[in-house]
Amino acid sequence: MLPRENRMRRSSEFASVVRSGERARRGHVVVHRHSSLHTGKPVVGLVVGKSVGGSVARHQVSRRLRAQLASRLDGLADGSGLVVRALPGAAQATSAELGADLDAALNRLARSR
RNA sequence: CGAGCCGGCUGGACGGCCGCGUCGGGAUCUCCGGAUCCCGCCGAGGAAAGUCCGGACUCCACAGGGCAAGGUGGUUGUUAACGGCAACCCGGGGCGACCCGCGGGACAGUGCCACAGAAAACAGACCGCCGGCGCGCACGCGUGCUGGUAAGGGUGAAACGGUGGUGUAAGAGACCACCAGCGUUCCGGGUGACCGGAGCGGCUAGGUAAACCCCACCUGGAGCAAGAUCGAGAAGAAUCACCUUGGCAACAAGGUGAUUUGCGCAGACGUUUGAGGGCGGCCCGCCCGAGUCUGCGGGUAGAUCGCUAGAGCCUGUCGGCAACGGCAGGCCGAGAUGGAUGGCCGUCACCCGGCGCGCGAGCGCCGGGGACAGGAUCCGGCUUAGAGGCUGGCUCGUCCG
């Protein structure tokens, strides 16, 4: 799971990342990134809507995404904010597939800067 | 052994690596708000679900009564309460164990009753049956008109009690007996719903109240995003600093941070007799300058509380047919808030499929599968979803003893 200091906890942060950050869609996820959100450790937030599935499916997807993101925190710059939005169909994906989607999206964002 | 009826329990286990949340203890750092690390305890369900009822709790409203609106509807009990549950009653189904019932009132009133049928609610003569009159006649009857008749046929979910007799032209509760049903009186049993028995009456009464309606009883409204405490500021604007992108640069665009400026009320000081601010260690001085300062109040973001020890759970015992209740002892079993309780992998057990071995029960190998579904203030129910596994009692049938 994600350490507490790496969690995005304010809705204003979600809003500014989604509204004014860069965006990349790969596979089952859309990744929004804001490179200078604040000062401190990088923070990550998840958006898993009802289109993904029921309560059990949504929680399973977000737990898998959190586990995949926890191992990728070292690749994120300090001060940056990341919001990962799950698309319908993510409930059928395995953790390995979700991790590959995340890597592809993060590479896309890294090349565009 | 076969077929069935009614329940109860369970909802995979173990391990490895990496992690998360509350609480407790310790260490370190600290701007004294807290932060980080280590250790320990605990960390989703039988439905946590749907949010359909009932309560606790909170705020608002409220003298009392009535109307409206909504709900409930056999009786007795149980409970904090219920539309729940238990036992019983009545009706229906089953050989039976048992199951089902949206189970008050249809003489308070209104409405509706399709299709079929002659006629459907102050019923109704299509066929049939019977009488009278006329005509024909093969003297059995046929036919026309007129009247009687609900016993028979046919339609229908339902046709104005059933069977037998008296009676009659034919018939009819017109009359009689018995039966069913209705009303009523009395006796007996039961807390009661109701049951059993005896008598009397009039001979017969349709259904629908999840149609309006009537009767009895219940209900004030909103909900933990309730509510309580603390409470910076944000937006926009200005100044400064930093970052990114573009550009030779000035600069432009975007972002981040810091500072100032905010609402209502009251008061003080002040606009050339200069409040306040900048430069500065301070004074003088110079510059900017019309508002500034203080107190109180309300309150957004956010934080804290509410927030988990309770109509609690387990065991024993007593009362009760039971639901349930009394007593005694023991136990503490989630409290998150962009939302923890997990991610990846392995082993075992279980189920399914294929192959091989074995006379066989079965064994081995390979592959696959494990449902429904996750707290969000908390309880009591109901309803719905659901892969499997374990288990108790009872009924009917067959065979054996």
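Residues numbered from 1 in each chain as written. Chains lettered and ligands numbered in written order. Predicted model: local features only at pLDDT ≥ 70, side-chain atom pairs only at ≥ 80, totals over all residues. Heavy atoms only, no water.

K.L.:
Break down the confidence of the model for chain A for me, citing the residues and quoting the values.
P.N.:
Put simply, chain A has an average pLDDT of 79, and 83% of its residues get 70 or more. Two summary scores accompany this predicted model of the complex, namely pTM at 0.72 and ipTM at 0.87. (pLDDT = per-residue confidence, 0-100.)

K.L.:
Help me get a handle on the nonpolar core, residues and values and all.
P.N.:
By size, the foremost hydrophobic cluster in this structure holds 23 residues, and its most contacted members are Val-31, Leu-65, Leu-69 and Val-84. Of all the secondary structure elements, the ones that give two or more residues to this core are strand 2 (29-34), strand 3 (43-48), helix 2 (55-70), strand 4 (81-86) and helix 3 (95-112). Those residues in contact with Val-31, other than ones at most four positions away along the chain, are Glu-22, Arg-23, Ala-24, Leu-82, Val-83, Val-84, Leu-102, Ala-105, Leu-106 and Leu-109. (Core = buried A, V, L, I, M, F, W, Y, C linked by side-chain atoms within 4.5 Å. Buried < 20%, exposed > 50% of the residue type's maximum accessible area, 1.4 Å probe, protein only. Helix = DSSP H or I, 4+ residues; strand = E, 2+ residues; numbered from the N terminus. Contact = heavy atoms within 4.5 Å.)

K.L.:
An account of the sheet that holds strand 3 is needed here, citing residue identities and associated values.
P.N.:
The mixed open sheet is built from four strands, whose spatial order is 1-2-4-3. Only two strands of the sheet have a single neighbouring strand rather than two, namely strand 1 (22-26) and strand 3. Strand-to-strand, the axes of this sheet are offset by a mean angle of 20°, without reference to chain direction. Pairing geometry for strand 2 and strand 4, over six bridges, is antiparallel. Within strand 4, the residue paired with Val-29 across the bridge is Ala-86. (Pairing = 2+ DSSP bridges. Axes fitted to C-alpha atoms, helices over the stretch in contact; angles between N-to-C directions.)

K.L.:
Help me get a handle on the pairing of strand 4, residues and values and all.
P.N.:
Here strand 4 lies mainly inside the structure; five of its six residues are buried. Looking at chain direction, strand 3 and strand 4 are connected through six bridges and run parallel. The residue of strand 4 that forms the bridge with Leu-46 is Val-84.

K.L.:
Give a description of the environment of Ala-90 that names residues and reports values.
P.N.:
Summarising the element assignment, Ala-90 is placed in the loop between strand 4 and helix 3. Residue classification places Ala-90 among the buried residues on the basis of a relative accessible area of 1%. The spatial distance from the C-alpha of Ala-90 to the C-alpha of Val-29 is 7.7 Å, given a sequence separation of 61 residues. Beyond its immediate stretch of four places on either side in the chain, Ala-90 contacts His-28, Val-61 and Leu-98.

K.L.:
Residue-level account of the environment of Val-43, with values.
P.N.:
Examined against the element boundaries, Val-43 turns out to sit in strand 3. On the basis of relative accessibility, which here comes to 5%, the residue Val-43 falls in the buried class. Considering only alpha carbons, one finds Val-43 and Arg-58, 15 residues apart in sequence, at a separation of 21 Å.

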